[in-house]
Amino acid sequence: MKSDRIAIYPGSFDPLTNGHVDIIQRGSRLFDRIVVAILLNIEKSPLFTVQERVDIAREVFREYPNVEVDTFDGLLVEYARRKHASAIVRGLRAISDFEYEMQMALMNRHLNPDVETVFMMPAETYTYVSSRLVKEVVALGGSVTNLVPSLVESRLREKRLGRETLRA
Ligand code: PNS
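Residues numbered from 1 in each chain as written. Predicted model: local features only at pLDDT ≥ 70, side-chain atom pairs only at ≥ 80, totals over all residues. Heavy atoms only, no water.

Caption draft 1: Inspection of the overall build of the protein chain at higher detail. Scanning the protein chain from N- to C-terminus turns up six helices and five strands. Along the protein chain, helices (α) and strands (β) appear in the sequence β-α-β-α-β-α-β-α-β-α-α when read from the amino end. Computed over C-alpha atoms, the radius of gyration of the protein chain comes to 16 Å, within 12% of the 15 Å expected from 2.2 N^0.38 for 168 residues, which places it in the range of a compact globule. By its C-alpha atoms, the protein chain is 55 × 35 × 30 Å across when sized along the principal axes. Every one of the 168 residues in the protein chain was classed for burial, and the buried ones make up 44%. Of the contacts made within the protein chain by residues no fewer than 6 positions apart, 77% connect residues no fewer than 24 positions apart. (Helix = DSSP H or I, 4+ residues; strand = E, 2+ residues; numbered from the N terminus. Rg over C-alpha atoms; globule rule 2.2 N^0.38 Å. Buried < 20%, exposed > 50% of the residue type's maximum accessible area, 1.4 Å probe, protein only. Contact = heavy atoms within 4.5 Å.)

Caption draft 2: Molecular detail of the sheet that holds strand E2 (residues 33-39). Across the sheet, which stays open at both edges, the five strands sit in the order E3-E2-E1-E4-E5 with parallel pairing between neighbours. Either end of the sheet is taken by a strand with one partner, and the two such strands are strand E3 (67-72) and strand E5 (116-120). Looking at each pair of strands side by side, their axes are set apart by 30 degrees on average, direction ignored. Looking at chain direction, strand E1 (residues 6-11) and strand E4 (residues 87-91) are connected through two bridges and run parallel. The residue bridging Ala7 from the neighbouring strand is Ala87, located in E4. Relative to the sheet, helix H4 (residues 95-111) contacts E4 and E5, its axis offset from that of E4 by approximately 175 degrees. (Pairing = 2+ DSSP bridges. Axes fitted to C-alpha atoms, helices over the stretch in contact; angles between N-to-C directions.)

Caption draft 3: Molecular detail of unusual backbone geometry. Omega for the bond connecting Asp14 with Pro15 falls within 30 degrees of zero, at 5 degrees, which places this linkage in the cis form. By the secondary structure assignment, Pro15 is in the loop between E1 and helix H1 (18-30). Here the phi dihedral of Phe13 falls at roughly 50 degrees; this positive angle occurs in a residue that is not glycine. Of note, Phe13 is situated in the loop between E1 and H1. Note on Phe13: relative accessible area 5%, which makes it buried. The backbone of His84 shows a phi angle near 60 degrees, a positive value even though the residue is not glycine. With respect to the element layout, His84 can be found in the loop between helix H3 (76-82) and E4. Taking relative accessible area as the criterion, His84 reaches 64% and is therefore assigned exposed.

Caption draft 4: Examining the side chain of Thr117 more closely. When you line up the elements, Thr117 lands in strand E5. Classification of Thr117 by relative accessible area gives buried; the value is 18%. Among all residues touching Thr117, those that are not within four sequence positions of it are Ile88, Arg90 and Ala105.

Caption draft 5: Fine view of the pairing of E3. By the bridge criterion, six bridges tie E2 to E3 in an arrangement that is parallel. The partner of Ile38 across the bridge, within E3, is Thr71. Between E2 and its parallel partner E3, the chain crosses via helix H2 (residues 50-60), and the hand of that crossover is right-handed. (Right-handed = clockwise from strand over helix to strand, strands pointing away.)

Structure follows, in structure tokens:
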């Protein structure tokens, strides 16, 4: 019997951008199931709570039957094992992403050689989009229309970010 090909797409998603959405859509076409796994990181102080990020991702992917949204902590490869996933999906925007991504991919391979990291490139229009820049632009009064889902845009507006929210 053929078993489902399951992939994990891990990250902070603070907030979800259209670059993330693009990668999830590509992953959902490539794998039987893709699990968007939001890191529970108690050390970082995120803008959106984990529950808010889960709710946003679930709403954005409401009509995608093979996209699941979940949270995880601890080692990613252990989480992948628990989910019976054979792949970890990561987006590569530019060469600048490569060093960090390669280090993570090789460390994860060292920890669990059965899980393969698969890199995907988002559409060119999103190669400069990051959650960090999205927050900065909003805090400084700029527009992020078309860079994040409209739900994220309205949630960002509700947060009433100001310059003081930008850390040095
Ligand atoms: O959105 P991000 O911050 O680039 O995502 C980073 C993430 C969540 C993929 C990474 O921090 C992670 O996998 N954390 C889990 C801890 C872990 O497994 N570390 C060892 C392998 S590098």
